[in-house]
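Topology and contacts: notes
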Amino acid sequence: DAGVIQSPRHEVTEMGQEVTLRCKPISGHNSLFWYRQTMMRGLELLIYFNNNVPIDDSGMPEDRFSAKMPNASFSTLKIQPSEPRDSAVYFCASSRLDGNQPQHFGDGTRLSIL
Amino acid sequence: KNEVEQSPQNLTAQEGEFITINCSYSVGISALHWLQQHPGGGIVSLFMLSSGKKKHGRLIATINIQEKHSSLHITASHPRDSAVYICAATTGNQFYFGTGTSLTVIP
């Protein structure tokens, strides 16, 4: 079975540019999570969706960050404009139910903002 | 104060040793997750538990709800167990992550 698929695997761009990260959850999973991981702050939950609806976006750091889930098989995390402090690894994960089911993680997108 | 505290932060063990990683939390949880992150960066969910004990191969996870404490045990450790182990507590809508325990198993 295909796992959670994220793209791109790596992204290097200049500050001020728009960055779009993509995630395809496991088919049949109805919860999707976006995480950010940095050396300083560790793993942080940014936002999660149930049945394509954002449930909790309190972890989204600023208005520069936005996430959408137009359908059950696709989600995007967008940063506009990007800043060097946004450099991190961004993980997407999916599960059958929020919180109380094991999450399956994608391989992550390593983002570097110059 | 962090809602989730892990110990130790770093751990080095000889192959074959029994390993314990601890996680204490201060929030009321609906579930606790143990995650494994390999040097390559990928994250794998090892366990999700809300009570008692779960076992998968050489890995055992326990949780004591009254004491707000969970442990991850690795029996007969192997170099391929070298990874960062992260404890995450969820209240259902909120997730709280420990800072991770970096485990190195030496042959």
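The structure reproduced in this document is the subject of the present report.

Analysis parameters
The residue numbers shown here count from 1 along each chain, following its written sequence. Chain A is the first chain written and ligand 1 is the first ligand written, with later ones labelled in order. For this predicted model, a pLDDT threshold of at least 70 governs which residues receive local features, and a threshold of 80 or more governs which side-chain atom pairs are given and counted, while totals over whole chains, interfaces and linings are taken from all residues. For the side-chain quantities, the full set of heavy atoms in the structure was used; hydrogens and water were omitted. Counting from the N terminus, the helices are the DSSP runs of H or I reaching at least four residues and the strands are the DSSP runs of E reaching at least two. The atom set for the radius of gyration is the C-alpha atoms, and the globule formula is 2.2 Å times the number of residues raised to the power 0.38. Here, a strand pair is defined by DSSP locating no fewer than two bridges between the strands. Note on geometry: axes are lines fitted to C-alpha atoms, helical ones only across the stretch in contact, with angles between N-to-C directions running from 0 to 180 degrees. Counting rule for disulfides: a pair of cysteine sulfur atoms within 2.5 Å. Only protein chains enter the accessibility calculation, which uses a 1.4 Å probe. A residue is then buried if its area is under 20% of the maximum for its type, exposed if over 50%, and partly exposed in between.

**Quick notes on the overall build of chain B**
If you tally the helices and strands in chain B, you get 0 helices and 11 strands. Each helix and strand of chain B, ordered N terminal to C terminal, gives the series β-β-β-β-β-β-β-β-β-β-β. Scaling as 2.2 N^0.38, a compact globule of 107 residues should have a C-alpha radius of gyration of about 13 Å, and chain B matches this with 13 Å. The principal-axis extents of the C-alpha atoms in chain B amount to approximately 40 × 25 × 20 Å.

**Here's the deal with the sheet that holds strand S1 (residues 5-7) of chain A**
Residues and elements named next belong to chain A. What the 4 strands build is an open sheet, ordered S1-S3-S8-S7; its pairing is antiparallel. In the strand order of this sheet, the two ends are held by S1 and strand S7 (65-71), each with one partner. Neighbour-to-neighbour, the strand axes of this sheet turn through a mean angle of 15 degrees, independent of strand direction. For S7 and strand S8 (residues 74-79), the ladder comprises 5 bridges, and the chain directions are antiparallel. Pairing of serine 66 across the sheet is with lysine 78, part of S8.

**Section: the state of the cysteines**
Residue and element names in this part refer to chain A. This structure, assessed with the given rule, holds 2 disulfides over all chains. There is a disulfide in this structure between cysteine 23 and cysteine 92, and the S-S distance comes to 1.9 Å. Residues cysteine 23 and cysteine 92 share a disulfide whose torsion about the S-S bond is about -70 degrees; that sign makes it left-handed. Of this pair, cysteine 23 sits in strand S3 (residues 19-24) while cysteine 92 sits in strand S9 (residues 88-95), and the two are 69 residues apart along the sequence. Of the two residues examined, cysteine 23 and cysteine 92, each falls in the buried class.

**A word on the sheet that holds strand S3 (residues 19-25) of chain B**
All names here are of chain B. An order of S1-S3-S8-S7-S6 is seen for the 5 strands of this open sheet, with the pairing classed as antiparallel. If you trace the sheet from one side to the other, it starts and ends with strand S1 (4-7) and strand S6 (52-56), each paired once. Across the sheet, the axes of successive neighbouring strands diverge by a mean angle of 15 degrees, strand direction being ignored. As paired elements, S3 and strand S8 (residues 69-74) share 6 bridges and run antiparallel to each other. Bridge pairing in S8 places cysteine 23 opposite serine 70.

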